[in-house]
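Architecture and fold: a report
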Amino acid sequence: MRPSVRLNNVIAAQPAPKPNRKLAPSTWKLTIVMSAVKAVCIFGFSILFYAEVLPNASADDWVKGWGQMSQLTKTDWVMFVGNIGGTFFGYFTAYFACTTRMQRFGFSVPLTLFSTPLSYVTFYAMCPRGVLCEANCTMYGDAFSVSALVLLVVAQTLSNGYLLFGSQFLAMLKEDQLFWTPMYTSGLLEQWLMLSKKTEYHDEQHEDPVLKASRTKVIICTTMYREADYEMRQLLQSINGIHRAQTDGVRKFESHIFFDGAVKDVNFNPTDFVLQLISLAEEELGVKAQFCTRTRTPYGLSISWNLNTKLTNNLDRDMFFKIHLKDNIKVKNKKRWSQVMYMSYVLDFILKQEKCSEEECFILITDADVRFNVNSVEALLDLMTRDPSVGAVCARTHPLGSGPLGWYQVFEYAIGHWFQKAAEHVIGSVLCSPGCFSVYRCSAIRDILPEYATNVEHAFDFLTKDMGEDRWFCTLMVQSGWRIEYCAAAENSTHCPEDFDEFFKQRRRWVASTLANLMLLVKEWSTISRLNARVSVVFLLYQAALLFATLIGPSSIILVVTGGLTYAWNVNPTSTVILQLIVTVLYAVMCLTTSSKTQLNTAKLLTFVYAIIMAAVMVGTAVQVAKDISKASDAALIHPSFPISTTTLYLAILVGIFLLTGMMHPSEFYCLLHGFWFFLCIPAGYLILMIYSICNITDQSWGTREVKEHSVRVAHRNWQDRLTAMFKEVFFCCFTRRETRSVESQTEAGVRKPMSRSGSVNESSETNTDTKTARTLNTSEAGLPSIHEAYDGLEDARESFSDTEEDDDKINNEEGVKVEEWLTSDFDAYDSVVQKFKENGFENTIFISKMTDEELKDMGIKRSGQKRYLMEKIKKLPDYEIVADVPKDVKSWLTKIGLIMYKTNFKQEHIKSSKDMEILKSFSRKDIETELKITKIGHIKRLMQAIAKLRNPTSVERKILEVGQRLKKSVLHKMREHQPEEEEFWQTLQNLCLLPQSTAYGLEEDLKRDLGELRNKWIVILAVFNTLWMVLIYTLADQGKLLSVASSNPVGLVVLVVFSFVLFIQFIAMIIHRITTATHFLARAPYRFGAKYRTAWALNDCDMPEETEARRARAEAKTQAEERIQNGRSTRVAKPEEKQPLLRQSEDSIYIV
């Protein structure tokens, strides 16, 4: 139950419990109870019937009557079993026909017109053969029986046959949704099915789901940061496909892209990545940059268009397309906060403005590099329409990439979806609906958004919330009672890491997040199982087995490699185990003490070495299997009568399972070919990566989409400092770990600059405003304002926003502002600080921009208060990027970059024309100082940046430059003037949970310390688990036949049993899921070749079920009748309680729910 916090008194109130409508109906319980009642009633009614018909007979005769069952002939038993089996098969096929939407010609017509006559003909044909006794055959063939047959068929057709024929339901409905009494009966099956079949289907609100689907609204929300052009292009192509596919109907689509780190100044000059997106939008969506609606917002800037398509009926179809450019100075960065922004924007603004119901609206969440099609979107929404208890549906994701890492991930994604996703879907609920391509129900988001918008307060929170936001979002959804499903009929493609470093950094986050969420699920299982009927004991055991298998993964890999080397090279097992343990421990120590670059380089080396070893293991295992098959003398057979070893049997079963699974996924069978690379990299994925991930859970960077730049700052460290640092690293690594510096992401001043593919950006000038531990939403200790502070903060935000616009307009020009004007005269030690800036070449804001704390320190600014104040001002400066170009001469070039004062220096070196400037490309920092006589660090830094851009621009850069110029021609609006309601919404949301907080008042230092303690705890747990497991197995491995079971040690069998249990559950679940997927395909497949899919949810009305118009007409008539009845009533009906939004305002207070 989530708390509701009122800001005027900061009192936590517990909301009243809401009815849990997400509990699944207990159909199987009803079937068991009714079957038991029927069994008892058979005996009871038989006694009453016997007593009524034969009142003078004794009870012994009744008992003897039951005893005559032993005298039944073989023919009687065949008839009995045939009846039971035939009726069960008939019930199953009837359900299959209804759930695949083949109800008319697969259910209604056969039952009404053919089932009874066919039964009559069958019995009539069986009589002459003596199958039935003569007495029972006399009734067939006469005029009376034929007349009765005809009348029965006519009665069935007139009574309910035509109703059944006209009731075509949604695809993949469950038994309780199709039948009034969803249970099997063997007597009068066809009459039972016809009478039990529902002719109308409504949801819990008694609304027709098909009509509700025709009113739905889908908002496509995407998070973006630094994607490449080909990644952005395929997203825009997918959005355009949705727009162009909708040619008929009232369903509404709109698309929103939330771009992290997109703008930094109030003149709102977007980054090159934003301009790249706009240029691609011009190509793919047909929009024009100069005709956009450009609006200043509290979070940065918004750029929007109305995508217009001329339909065949001469009508226009518009789709709203909007890019939200976040300024990370004004709102929090990271993907999770972008998700909070668009979820709250949809729920608390869009739906309210358009007066849409949350039950009829969905958010299609995508990554910025994803590719999908219309059929996949319709398949996802098919499942959402079918079951209102489903909160999210995810699709089959195909990784796009090349090289060994890409091939590895093709196989990994395949088995992850074939087995893991399918098993979770069948036995419980999917635990991760990834943000790359999933559909979320707005009403489900409403339940968990307040908790999802809370901040990191503890180390464990950081692992769940910031390392794997999608996984934690789904954990909250499962905890709230919602079900998450996996739809294999929907597919999407996304780009996967092809670089080793990026892959390891991505998986570092995923491993830590997965372990943390699994632990949370197992720990709180009793509570979750009460709230969610899908979380059963079997599901818990399965997840616990997965967690256990993950924890013992490193030691299991060591033992597997040891056994394989024994087969391949006859290496002593003890030596192999000791050597691998030494390597493992040394790598763990390296991960605790060295830089990220050193760790990753070592991981590359170990991966290569282990790949060679695994190739030998593969050969050695194959030789051992050949010995078993050939019954060699040294083969460890299970039993002389069963000439095969446990290892061979297990491998054969494993290979057979994968082959059968691949054959059940014919279009993806090729993925098995990449299993070779996966096998070679098993030690890298389950040993090296595990150690790297656990040892680096203190790393708060995102790790992917990083920009590699070089530093021009010379770090001065004397030998005493280097010796002290080395001493601390060697002797105190177990207690405190020094900050790991990301060398490959250093800025030009040598500071870490991690950047995220999903919008998690920590610019060099933003290091001090990391928002990982920003203020919480539900505790007064975390810095929640009082009611007066809330309103004052709202007004101050508006005033500061206006003031910032005026101030930044002064500095946001290409020439910059002098340092004297940039610093206020009341600044402490104003004259001396200004002089230090000038002496070091930072006399203008174009040089000051992107300065770092180290550069301020090198300048002689030692006081922490001054440095913090200056860094806060530096963060707000524009980037003053230099455009790639070849100038006409040195003078114009130096003027453009702000170094015109060095014109004489260049002239003395005979560098005047564009041709002369070619030599600059070979200049180093030393050459600049000695030959050009430029010694100020600020000027050197600017000049080296300009030299790097001294080249002919690429076609992409030219296009970006042209788009930027056209974009400036559009009118820049102010949201508070044209859209005051939306301005009010963003201001309120910003003040409540989006404002970045200075680390001086946050929990940053506490979080770092807690993360270190949590890392040490996890390392100890992992070491103890794996040490005990390895010692136990290795000690009992060679204890002779006294401890052997089937020629294997018992603990080794336990390993096989654990992994086999997980694999068996996954394999059975995969088969069941493939059947449901085939059902989904059959339900959607058209009757005619080339026709469109038959879906319960479609973009266009013409693709909806044929009876949609009739349903709409009936619904309108019913509504009008209810209105007439309602108008005649004198009593008032209470309205249902509305769900509380994340942002809710009253006349005197503001709430966070």
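These figures come from a predicted structure and were not determined experimentally. (Residues numbered from 1 in each chain as written. Predicted model: local features only at pLDDT ≥ 70, side-chain atom pairs only at ≥ 80, totals over all residues. Heavy atoms only, no water.)

Here the focus is the overall build of the chain. A count of helices and strands for the chain gives 43 helices and 15 strands. Excluding contacts between residues fewer than 6 apart, the proportion of contacts in the chain whose partners are at least 24 apart in sequence is 78%. Entry remark: accessible area of the chain is about 54100 Å², with carbon and sulfur atoms responsible for 61%. (Helix = DSSP H or I, 4+ residues; strand = E, 2+ residues; numbered from the N terminus. Contact = heavy atoms within 4.5 Å. Areas by Shrake-Rupley, 256 points an atom, 1.4 Å probe, with all protein chains shown as cover.)

A word on the pattern of salt bridges. Applying the stated criterion across every chain yields a total of 29 salt bridges. In this structure, Arg386 engages Glu485 in a salt bridge whose closest nitrogen and oxygen atoms are separated by 3.0 Å. With Arg386 in helix α13 (residues 374-386) and Glu485 in strand β12 (residues 483-495), this pair connects stretches of sequence that are 99 residues apart. A single burial state applies to Arg386 and to Glu485, both of which are buried. A salt bridge links Glu957 to Arg951, with the nearest nitrogen and oxygen atoms 2.6 Å apart. Through salt bridges with shared partners, a single network forms among Arg233, Glu283, Glu284 and Lys959. (Salt bridge = Lys/Arg side-chain N within 4 Å of Asp/Glu carboxyl O. Buried < 20%, exposed > 50% of the residue type's maximum accessible area, 1.4 Å probe, protein only.)

Within the largest apolar cluster, 68 residues are counted, with the highest numbers of intra-cluster contacts made by Leu463, Phe504, Tyr587, Ile688 and Trp1018. Top contributing element to this core by residue count: helix α26 (residues 682-695), with nine residues. In this structure, Trp1018 is in contact with Phe460, Leu463, Ala512, Leu515, Ala516, Met519, Ile694 and Ile697, ignoring residues within four places of it in sequence. Within the second largest apolar cluster, 59 residues are counted, among which are Ile219, Val331, Ala444 and Trp986. (Core = buried A, V, L, I, M, F, W, Y, C linked by side-chain atoms within 4.5 Å.)

What follows covers the confidence of the model for the chain. Of the residues in the chain, 74% reach a pLDDT of 70 or more, and the chain-wide mean stands at 77. Here strand β2 (residues 11-13) stands out as the least confident element of the chain, with mean pLDDT 30; strand β11 (residues 437-441) is the most confident, with 95. Every residue in residues 1040-1047 is under pLDDT 50, and counting partners more than four places away or in other chains gives eleven contacts. Contacts of residues 1144-1153 to residues separated by more than four positions or lying in other chains number 39 contacts, the stretch itself having pLDDT below 50. (pLDDT = per-residue confidence, 0-100.)

The next subject is the packing of aromatic side chains. Using the criterion set out here, one finds 28 aromatic pairs in the structure. Centroid distance Phe92 to Phe96: 6.4 Å. Interplanar angle 25°. Geometry classified as stacked. One end of the pair is Phe92 and the other is Phe96, both in helix α3 (residues 74-99) and four residues apart, which spans about a single turn. Given the relative accessible area of 46%, Phe92 is considered partly exposed. Where Trp305 meets Phe321, the ring centres are 6.1 Å apart and the plane angle is 25°; that geometry is what we call stacked. (Phe/Tyr/Trp six-rings, centres within 6.5 Å; stacked < 30°, edge-to-face > 60°.)

We now examine the environment of Leu188. Looking at where Leu188 falls in the secondary structure, it is placed in the loop between α7 (175-178) and α8 (189-196). Under the relative-accessibility criterion, Leu188 is labelled exposed at 63%. Residues Leu188 and Thr87, 101 residues apart in the sequence, show an inter-C-alpha distance of 8.9 Å.

It is worth spelling out the environment of Asp229 at this point. With respect to the helices and strands, Asp229 occurs in helix α10 (residues 229-245). Asp229 sits 48 residues away from Leu277 along the chain, and the two C-alpha atoms are 7.4 Å apart. In this structure, Asp229 is in contact with Gln276, Leu280 and Val956, ignoring residues within four places of it in sequence.

One face of the sheet, then the other: side chains in a regular strand alternate in exactly this way. Summarising burial for strand β3 (residues 217-224): eight of the eight residues are buried, a large majority. In this structure, β3 lies alongside strand β4 (residues 252-259), joined through eight bridges in parallel fashion. Its bridge partner being in β4, Thr222 is matched across the sheet by Ile257. Here β3 runs beside strand β8 (residues 361-367); their pairing, made up of seven bridges, is parallel. Residue Ile220 lies in a different strand from β8, and its bridge partner there is Leu364. (Pairing = 2+ DSSP bridges.)

Bringing a positive patch on the surface into the picture now. A cluster of basic residues, Lys891, Lys903, Lys907 and Lys912, forms a positive patch at the surface. Its location among the elements puts Lys912 in the loop between α35 (903-908) and α36 (925-930). (Patch = residues over 30% accessible without salt bridge, like charges linked within 9 Å, V, L, I, M, F, W, Y side chains within 5 Å. Lys, Arg positive; Asp, Glu negative; His and termini not counted. Charge placed at Lys NZ, Arg CZ, Asp CG, Glu CD.)

In terms of residue burial, β8 counts as a mostly covered element, since seven of its seven residues are buried. Neither face of β8 is exposed, since Cys361, Ile363, Ile365 and Asp367 on one face and Phe362, Leu364 and Thr366 on the opposite face are all buried. Pairing analysis gives five bridges linking β8 to β11, with the strands arranged antiparallel. Its bridge partner being in β11, Ile365 is matched across the sheet by Ser438.

Since there are 3.6 residues in each turn of an α-helix, residues three or four apart along the chain are aligned in direction. Here helix α18 (residues 500-523) spans 34 Å end to end across 24 residues, near enough to the 34 Å set by a 1.5 Å rise per residue. Burial within α18 is extensive, with 18 of its 24 residues counted as buried. The backbone nitrogen of Asp501 lies 3.1 Å from a side-chain oxygen of the residue at the head of α18, namely Asp499. (Expected span 1.5 Å × (residues − 1). Polar contact = N/O pair within 3.5 Å; in protein donor to acceptor, adjacent residues only side chain to side chain.)

The next thing to look at is unusual backbone geometry. A positive phi angle, close to 55°, is found at Lys355, a residue other than glycine. Taking the relative accessible area as the measure of exposure, Lys355 reaches 77% and is therefore exposed. Here Lys850, not a glycine, exhibits a phi torsion of approximately 70°, which is positive. The residue Lys850 is located in the loop between α31 (845-848) and α32 (853-859) in this model.

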